[in-house]
Amino acid sequence: MSLFKARDWWSTVLGEKEEFDQGCLCLADVDNTGNGKGDGAQAEDMLLEVHLRDPILQVEVGKFVSGTEMLHLAVLHSRKLCVYSVSGTLGNVEHGNQYQIKLMYEHNLQRTACNMTYGSFGGVKGRDLICIQSMDGMLMVFEQESYAFGRFLPGSLLPGPLAYSSRTDSFITVSSCRQVESYKYQVLAFATDADKRQETEQQKLGSGKRLVVDWTLNIGEQALDICIVSFNQSASSVFVLGERNFFCLKDNGQIRFMKKLDCSPSCFLPYCSVSEGTINTLIGNHNHMLHIYQDVTLKWATQLPHIPVAVRVGCLHDLKGVIVTLSDDGHLQCSYLGTDPSFFQAPKVESRELHYEELDIELKELQKIIKDVNKSQGIWPMTEREDDLKVSAMVSPKFDSVSQAADIEVGTDLVPSVTVKVTLQNRLALQKVKLSVYVQPPLVLTCDQFTFEFMAPEMSRTVAFSVYLKGSYTPSELEGNAVVSYSRPSGIPRVIQCKFRLPLKLICLPGQPSKTASHKLTIDTNKSPVSLLSLFPGFANQSEDDQVNVMGFRFLGGSRVTLLASKTSQRYRIQSEQFEDLWLITNELIIRLQEYFEKQGIKDFACSFSGSMPLQEYFELIDHHFELRINGEKLEELLSERAVQFRAIQRRLLTRFKDKTPAPLQHLDTLLDGTYKQVIALADAVEENQDSLFQSFTRLKSATHLVILLIGLWQKLSTDQIAILEAAFLPLQQDTQELGWEETVDAAISHLLKTCLSKSSKEQALNLSSQLNIPKDTSRLKKHITLLCDRLAKGGRLCLSTDAAAPQTMVMPGGCTTIPESDLEERSIEQDSTELFTNHKHLIVETPLPEVSPLQGVSE
């Protein structure tokens, strides 16, 4: 940022919602008064405004009308060139002089125009000719009221800036090849006519001339503008503004000097020569700055209130050196350089004596407070209790009478919807209150965003929306989250959330119990079994009232789960054909059991899991998800290759079509059609793989929730320890090709194994990789998950407090193997650990208790 700002002398805003470019600003004596200002007009007065119907690309002022040397206004439209006469009449009333605009002549263009330049082409005296460059690289020369000729620039693909040098009588432009090119006017005039794209027999014999470039210079970047200046008769300079540099060239194309710019430029203007052999240049950039260079030396920097797209220097009201700038949104400003004196004086700082002993005591007290807070806060930071806004959510006990998912069917089932109402009650006046609601896919909401610009004090607002299933697979959770962000009266932003639980019947129907299943889980309790009819009253099958200990569930889409309650023991069994489908019913069973015994006034109810940890089934879901990610990478890479091939064929075809001498296509059109079909097929395959990956990730999250639940019941983990596991195993709401579930979870589990679950300080010294990349396979992740369960079984405990770095003393019961010190030792026990957690018949877990008792496997 510059210390100095451009001093605003006069400014205004042009038009409404219009866009301006560098060709939209011209500074000249357009009314031919000869004194550089209007007759008595004030600077703030608008002299003339005319609606021309067509968009305006560029305006210039010159001697464009034959028979007179007066200045006229040339306006370039996309398909038309108009030349106007601007004149003023002396006003006899109080509103001042009157100005009129009169059309002198116009040319209708056969090609779409890009820009134009003018000058005394061919050395004519007393008049200016106009040269227009079209979008396809054709130069059209107009000798005032008549069309002279048109020529195509060789090899032109995209038009660039265009300027005319009167000293060398040549046109200078920058081609799409990123090189400055100069064409003599005489060569253009005698070259082959642009309308005759094929050479005739006379031209082959030499009667016509081929358009040859005078000189070229490769600048290696695209140019924004070209300006040609000549402050003496002996030499002229060609200034080219690039995207990163600006160049000063001699008449013959040799570089006089170049300057690398620190900021991206937007416009420039070489405007004067102060000392012999040097030129001053104004350069505006996208940082709202205007730099003044003397050749390559920065002489001044000033700050503008906008980004200039055009800059001019002129004399207004006898004030010389006024800088006129125009922004792309129409801010027109006349300013001058200078400084205004500042009378601010910094106040004196009162010196005081420092008592180092008191400061030392205060520092120790603060450090003690910080240490106590870190010890007591657990894994989540303690937040200040706010009562500015209270959020509550209520789920309707009944389904909507008319389902919001009327046009959605999952298999042969009709999809119901349920209404959720969220109520906001505020104590203070709040601004910018935004409510966002989230549910797990494939559950969807009829509306998930609500905005309240202002809420008056003691005000209550209630919004309602419906939730329904949109997909043939089950969500990973039935819990929704309503998040409210708002600003307090002091301007401090706050966020508050409220969770709500959706009914199981929204995604599940009563089903026929199944006697056989591929996957089974047994949950032990410390209380007598409860009738399933009282736990799940909405899923009772009326035809089987005698079977109160068996209940079937059928998810929308076809999956079936069976729940059995033991008649003699305190156990419940959940079984299904799909491992991930066990999660929702198992979690629902535990929640409903807890609610049932709480209503009975029993507080010591507890669940446990003594079966084998189903890691092998979990690993199969991980491998399937990882396989879809690898397949997605291969498809995207192949799609990228076909897209590059498609663009290359397009470029070759475009070159063939633009060639003056047509050549055979050599089956390029057939190759283009075949490549296009491959691109479409690959794009469809990528979308299909993404849908499969999304469903696989949802099933993986369900299985992950189930594994975390079983680990918590197996090791009797506390709420904080389960939260640590959830943070490690469920770090992402959705995974992408750049950051996926496998590498993120592997890094989190590795951190736990090297910190709170480490056996020695040697493991803590190992550093984790700072960059997460997609792994080659899932063997490392599966090994770390197995090792995590192994260490938890041998007494390890999860903790993220400040003392977690200290090695824990694990109580090793008799017969337990030691935790490996290195990867080599870890690989040696990998097979044993796998057998420990994947044996489905019997499991013996040794716990760090004085008396070790084996836990029997679930009998079939």
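One structure accompanies this document, and this report is about it. (Residues numbered from 1 in each chain as written. Predicted model: local features only at pLDDT ≥ 70, side-chain atom pairs only at ≥ 80, totals over all residues. Heavy atoms only, no water.)

1. Things to note about the packing of aromatic side chains
Overall, the coordinates contain 20 aromatic pairs when judged by the stated rule. Measuring from centroid to centroid gives 5.4 Å for Tyr164 and Phe171, while their planes differ by 50 degrees, and the two rings are tilted. Summarising the burial analysis for this pair, Tyr164 and Phe171 share the class buried. Clustering of aromatic rings is evident, with ring pairs tying together Phe121, Phe149, Tyr164, Phe171 and Tyr185. (Phe/Tyr/Trp six-rings, centres within 6.5 Å; stacked < 30°, edge-to-face > 60°. Buried < 20%, exposed > 50% of the residue type's maximum accessible area, 1.4 Å probe, protein only.)

2. With respect to the pairing of strand β28 (residues 417-426)
Taking burial as the measure, the ten residues of β28 include eight buried ones, the bulk of the element. Summarising the sheet, strand β25 (residues 389-399) and β28 pair through eight bridges and their orientation is antiparallel. In the sheet register, Leu389 faces β28, and the bridge partner there is Asn426. The pairing of β28 with strand β32 (residues 459-469) spans ten bridges and is classified as antiparallel. Along β32, the bridge assignment pairs Ser417 with Tyr468. (Helix = DSSP H or I, 4+ residues; strand = E, 2+ residues; numbered from the N terminus. Pairing = 2+ DSSP bridges.)

3. As for the pattern of salt bridges
Applying the stated rule across the entire model yields 19 salt bridges. Each of Arg501, Glu588 and Arg592 takes part in salt bridges that share partners, so that together they form one network. (Salt bridge = Lys/Arg side-chain N within 4 Å of Asp/Glu carboxyl O.)

4. Observations concerning unusual backbone geometry
That bond from Pro441 to Pro442 is cis: its omega, 10 degrees, falls within 30 degrees of zero. As for its placement among the helices and strands, Pro442 is situated in the loop between β29 (430-438) and β30 (443-445).

5. Focus on the sheet that holds strand β17 (residues 255-260)
Sheet strands associate in pairs through backbone hydrogen bonding, adopting either a parallel or an antiparallel arrangement. Pairing within the open sheet is antiparallel, and its four strands lie in the order β14-β15-β16-β17. Among the strands making up the open sheet, the edge pair consists of β14 (223-229) and β17. The mean inter-strand angle of the sheet, taken between neighbouring strand axes irrespective of direction, is 15 degrees. The sheet contact formed by β14 and strand β15 (residues 237-242) spans six bridges and is antiparallel. The residue of β15 that forms the bridge with Ile226 is Val240. (Axes fitted to C-alpha atoms, helices over the stretch in contact; angles between N-to-C directions.)

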